[in-house]
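Listed here are the chains, written in short residue letters.
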Amino acid sequence: MMNFLSNMLRDDGGFDYKRAIVDCIISIIEENPESKETGLAHLCEFIEDCEHTVLATKILHLLGKEGPRTPQPSKYIRFIFNRVVLESEAVRAAAVSALAKFGAQNDDLLPSVLVLMQRCMMDSDDEVRDRATFYMNVLQQKQKALNAAYIFNGLSVSVPGLEKSLHQYTLEPSEKPFDMKTVPLATTPITEQKTEIAPVATSKLPEKLAPSRQDIYQEQLAAIPEFQTLGPLFKSSEPVQLTEAETEYVVRCIKHTFTRHMVFQFDCTNTLNDQLLQKVVVQMEPSEAYEVLHYIPAASLPYSQPGSCYTLVHLPDDDPTAVSCTFSCTMKYLVRDCDPNTGEPDDDGYDDEYVLEDLEVTVADHIQKVLKPNFGAAWDEVGDDFEKEETFALASVRTLDEAVGNIISFLGMQPCERSDKVPENKNSHILFLAGVFRGGHDVLVRARLALADGVTMQVTVRSGDETAVDVILASVG
């Protein structure tokens with residue numbers, strides 16, 4: 001199969017044709033680790049004569065990720081450095097990044113990579129020079145933590161959010177250094193290899209990045225006076241429906257998580273043309289130590305015009321691990337009957353209420369997914385200061401696939417190193433998960449799974465914050 005695809009790559013064909021073949025080879029490498037070296041060798045041959053910048057940068061990214069872990073990583077260096085000598089600026093910059101990953105992961109190749117980096121520092125393009133200078137300085141420190149943070153895994157923040165936070169910092173002079181934990185995380189769905197790498201524009205004008213869904217929510221919530229002191233928005237959930245589709249009132253909730261608070265945004269729609277609803281609030285009764293602080297009503301809900309009301313809740317202080325909670329929700333409002341034809345409401349109204357579905361807050365609402373392309377480097381970077389380990393029996397789970405799916409869904413963390421795929425006919429598996437706990441603390445989970453009568457799971461958690469570790473273990477238990 002690999003030889004057949006390689007021959008097709010050599011044939012004449014347009015960009016879409018070549019991209020489909022490259023994607024197919026990458027998929028085979030992902031699904032069959034035994035085919036990795038063969039696949040990488042064919043892709044190396046292809047970029048020697050590749051006229052498509054997007055494909056060349058995509059393959060270089062793959063070589064930088066997979067090449068250092070092969071038995072003979074040095075054989076890929078020549079193909080990568082040839083791109084620095086022969087190609088356009090975008091490809092040269094991608095080649096520099098790939099070289100840095102070889103130097104960071106292979107001590108015996110580091111001196112050679114540093115020599116090549118010095119040559120790249122003389123490049124005619126400023127992006128290539130800047131990358132080479134940056135990686136040169138990081139590699140010379142020979143520190144695993146620096147390599148993990150700045151070469152393997154990089155930043156996972158929202159770029160518009162970073163820009164806004166930096167601008168805000170410059171407007172309010174402070175002796176405190178800028179804290180990256182105040183920057184919202186990137187919320188784009190993350191995949192490992194299948195990410196499309198956009199071509200670098202030939203013009204040097206930076207493109208304006210569209211704000212993410214979370215950036216938009218951050219702006220909307222910051223405009224409400226009661227929420228202005230809550231700090232940066234950490235995470236916004238997907239909408240949760242609290243009513244059936246065909247009922248007289250349609251209500252859905254979006255859970256917004258901050259460092260010490262949660263804001264529940266209730267988007268309400270009145271589907272009755274003979275009623276006007278006013279002063280609409282959703283009253284919440286928590287099952288745990290959550291404290292409801294404030295209700296912000298929707299002033300008016302005319303027929304078929306959506307409106308939003310909000311509930312501000314303080315997270316438990318006494319027991320920081322009590323992150324899961326069930327809220328019983330009741331929508332309360334003033335009803336004024338209307339003429340269905342003119343929409344004119346009566347002068348008088350009456351109070352009424354409507355019971356909604358219960359709303360669950362789980363551990364996943366407090367954790368943001370973050371991809372760590374090199375999980376081992378991230379594991380070493382976090383360190384074992386707050387490492388904790390426990391073993392659990394998943395008696396009701398019958399397969400490793402089911403166990404892996406349940407754990408990922410429950411914790412709301414990002415699977416790394418393609419560990420969400422369980423090889424066939426295996427009785428054991430290791431799952432790697434990465435995320436950030438609210439407050440900006442990295443949290444990593446290594447789950448060793450063994451299949452017998454049920455599934456036994458040994459969970460090891462690392463974080464820079466002990467509370468994050470306790471939250472994970474308490475919620476799994």
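Note that the structure is a prediction, hence the values are computed from the model and not measured.

Undergrad: Honestly, the overall build of the chain in this entry has me stumped. Any pointers?
TA: Counting its secondary structure elements, the chain contains 14 helices and 17 strands. Principal-axis analysis of the C-alpha atoms gives the chain an extent of 80 × 60 × 55 Å. For the chain, the residues scored as buried account for 47% of the 477 residues in total. For the chain, restricting intrachain contacts to residue pairs at least 6 apart in sequence, the fraction spanning at least 24 positions comes to 63%. For the chain, the exposed area adds up to about 24,100 Å²; of that, 50% sits on carbon and sulfur atoms. Placing the 42 positive and 74 negative side-chain charges of the chain at their respective mean positions leaves the two points 10 Å apart.

Undergrad: Looking at this structure, how should I read a negative patch on the surface?
TA: On the surface, Asp274, Asp337, Asp339, Glu344, Asp346, Asp347 and Asp348 cluster together into a negatively charged patch. On the secondary structure map, Asp346 appears in the loop between β9 (325–337) and β10 (350–355). With relative accessibility at 39%, the residue Asp346 sits in the partly exposed group.

Undergrad: What's the story with helix α9 (residues 144–152) in this structure? I'm lost.
TA: For the α-helix, the turn length of 3.6 residues means that residues three or four positions removed from each other point alike. Along α9, the positions that sit buried rather than exposed are Asn147, Ala148, Ala149, Ile151 and Phe152. Considering only its buried residues, α9 is in contact with α6 (89–105), α8 (126–141) and α12 (375–382). A positive phi of about 65 degrees marks Gly154, the residue just after α9.

Undergrad: Can you help me understand the pattern of salt bridges in this one?
TA: It is possible for side chains bearing opposite charge to pair when their charged atoms get close. Scanning the model with the defined rule gives 19 salt bridges in all. With a shortest N-O distance of 2.7 Å, Glu127 and Arg131 are connected by a salt bridge. Taken together, the residues Glu127 and Arg131, both in helix α8 and four residues apart, mark about one turn of the helix. For Glu127, a relative accessible area of 38% puts it in the partly exposed group. Asp267 is the salt-bridge partner of Arg252, the closest N and O atoms lying 3.2 Å from each other. Here the residue Arg252 occupies a position in strand β3 (residues 249–257), and Asp267 occupies one in strand β4 (residues 261–270), the gap between them amounting to 15 residues. Given a relative accessible area of 32%, Arg252 falls into the partly exposed group. Put simply, Lys36, Lys65, Glu66 and Arg418 are held in one network by salt bridges that share partners.

Undergrad: I keep staring at the packing of α6 against α8 and nothing clicks. Help me out?
TA: Two numbers describe a pair of packed helices, the interaxial angle and the distance between the axes. Following both chains from N to C, one finds α6 and α8 inclined at 5 degrees, their axes separated by 9 Å at the closest point. When the axis of α6 is compared with that of α8, the two are roughly parallel. Facing Glu89, Arg92, Ala93, Ala94, Val96, Ser97, Ala100, Gly103 and Ala104 of α6, the residues of α8 in contact are Glu127, Val128, Arg131, Ala132, Tyr135 and Leu139. Taken together, the residues of the contact of α6 with α8 sort by class into nine nonpolar, two polar and four charged.

Undergrad: Would you take a moment to explain the confidence of the model for the chain for this structure?
TA: Predicted coordinates in regions of low pLDDT should not be interpreted in detail. Of all residues in the chain, 95% attain a pLDDT of 70 or more, and the chain-wide mean is 86. Considering only residues more than four positions removed or in separate chains, one finds that residues 188–206, a stretch of pLDDT under 50, has 35 contacts.

Undergrad: So what exactly am I meant to see when it comes to helix α7 (residues 110–120) here?
TA: Every buried residue of α7 is listed here: Leu110, Val113, Leu114, Leu116, Met117 and Cys120. The buried residues of α7 occupy one face: seen down the axis, they fall within an arc of 165 degrees. Exposed residues pointing more than 90 degrees away from the buried face of α7 are listed as Pro111 and Arg119. In the core, the buried residues of α7 are packed alongside α5 (77–86), α6 and α8.

Undergrad: Just checking my understanding: could you explain the pairing of β4 for this structure?
TA: Looking along a regular strand, one sees the side chains alternate between the two faces of the sheet. In terms of residue burial, β4 counts as a mostly covered element, since nine of its ten residues are buried. By the bridge criterion, nine bridges tie β3 to β4 in an arrangement that is antiparallel. Residue pairing across strands places Val250 opposite Thr269, the latter belonging to β4. Judged from the eight bridges that link them, β4 and strand β8 (residues 307–314) form a sheet pairing that is antiparallel. The partner of His261 across the bridge, within β8, is His314.

Undergrad: Even after reading the chapter, I still don't get the packing of aromatic side chains, so can you show me in this structure?
TA: We describe a pair of aromatic rings using the distance from one ring centre to the other and the angle between the two ring planes. A full pass over the atoms with the stated rule returns ten aromatic pairs. Ring centres 5.3 Å apart and planes at 90 degrees place the aromatic pair Tyr249 and Tyr354 in the edge-to-face group. With Tyr249 in strand β3 and Tyr354 in strand β10, this pair connects stretches of sequence that are 105 residues apart. Classification of Tyr249 by relative accessible area gives buried; the value is 4%. Here a set of aromatic residues connected by ring pairs shows up, and it is made of Phe134, Tyr135 and Tyr150.

Undergrad: Quick question: what am I supposed to make of the nonpolar core here?
TA: For soluble globular proteins, nonpolar side chains are generally found buried alongside one another. Counting 57 residues, the largest nonpolar core has Phe264, Phe266, Tyr290, Phe327 and Met331 as the members making the most contacts within it. Residues in contact with Phe327, not counting those within four places in the same chain, are Phe264, Met284, Glu285, Pro286, Tyr290, Val313, Asp358, Leu359 and Val361. Residues Ile21, Val113, Leu114 and Met136 belong to the second largest nonpolar core, which totals 55 residues.

Undergrad: Looking at this structure, how should I read unusual backbone geometry?
TA: Excluding glycine, a negative phi dihedral is what most residues carry, and trans is how most peptide bonds are arranged. If you check the backbone angles, Ser304 has positive phi at about 65 degrees while not being a glycine. One can find Ser304 in the loop between β7 (298–301) and β8. Looking at Ser304, the relative accessible area reads 46%, which means it is partly exposed.

Undergrad: Please explain the packing of α8 against α9 as it appears in this structure.
TA: Two elements in contact, α8 and α9, have axes separated by 9 Å at closest approach and are oriented at 160 degrees. One element, α8, and the other, α9, form an angle in the roughly antiparallel class. Seen from above, α8 lies across α9 with left-handed handedness. Every residue of α9 that contacts α8 at Phe134, Tyr135, Val138, Leu139 and Gln141 is listed here: Leu146, Asn147, Tyr150 and Ile151. The residue makeup of the contact of α8 with α9, split by class, is seven nonpolar, two polar and no charged.

Each value, and the rule that gives it
- Residues numbered from 1 in each chain as written.
- Predicted model: local features only at pLDDT ≥ 70, side-chain atom pairs only at ≥ 80, totals over all residues.
- Heavy atoms only, no water.
- Helix = DSSP H or I, 4+ residues; strand = E, 2+ residues; numbered from the N terminus.
- Buried < 20%, exposed > 50% of the residue type's maximum accessible area, 1.4 Å probe, protein only.
- Contact = heavy atoms within 4.5 Å.
- Areas by Shrake-Rupley, 256 points an atom, 1.4 Å probe, with all protein chains shown as cover.
- Lys, Arg positive; Asp, Glu negative; His and termini not counted.
- Charge placed at Lys NZ, Arg CZ, Asp CG, Glu CD.
- Patch = residues over 30% accessible without salt bridge, like charges linked within 9 Å, V, L, I, M, F, W, Y side chains within 5 Å.
- Salt bridge = Lys/Arg side-chain N within 4 Å of Asp/Glu carboxyl O.
- Axes fitted to C-alpha atoms, helices over the stretch in contact; angles between N-to-C directions.
- Parallel < 35°, antiparallel > 145°, perpendicular 65-115°, else oblique.
- Nonpolar A, V, L, I, M, F, W, Y, C, P; charged D, E, K, R; others polar.
- pLDDT = per-residue confidence, 0-100.
- Arc of directions from axis to C-beta.
- Pairing = 2+ DSSP bridges.
- Phe/Tyr/Trp six-rings, centres within 6.5 Å; stacked < 30°, edge-to-face > 60°.
- Core = buried A, V, L, I, M, F, W, Y, C linked by side-chain atoms within 4.5 Å.
- Left-handed = near helix turned anticlockwise from the far one by under 90°.

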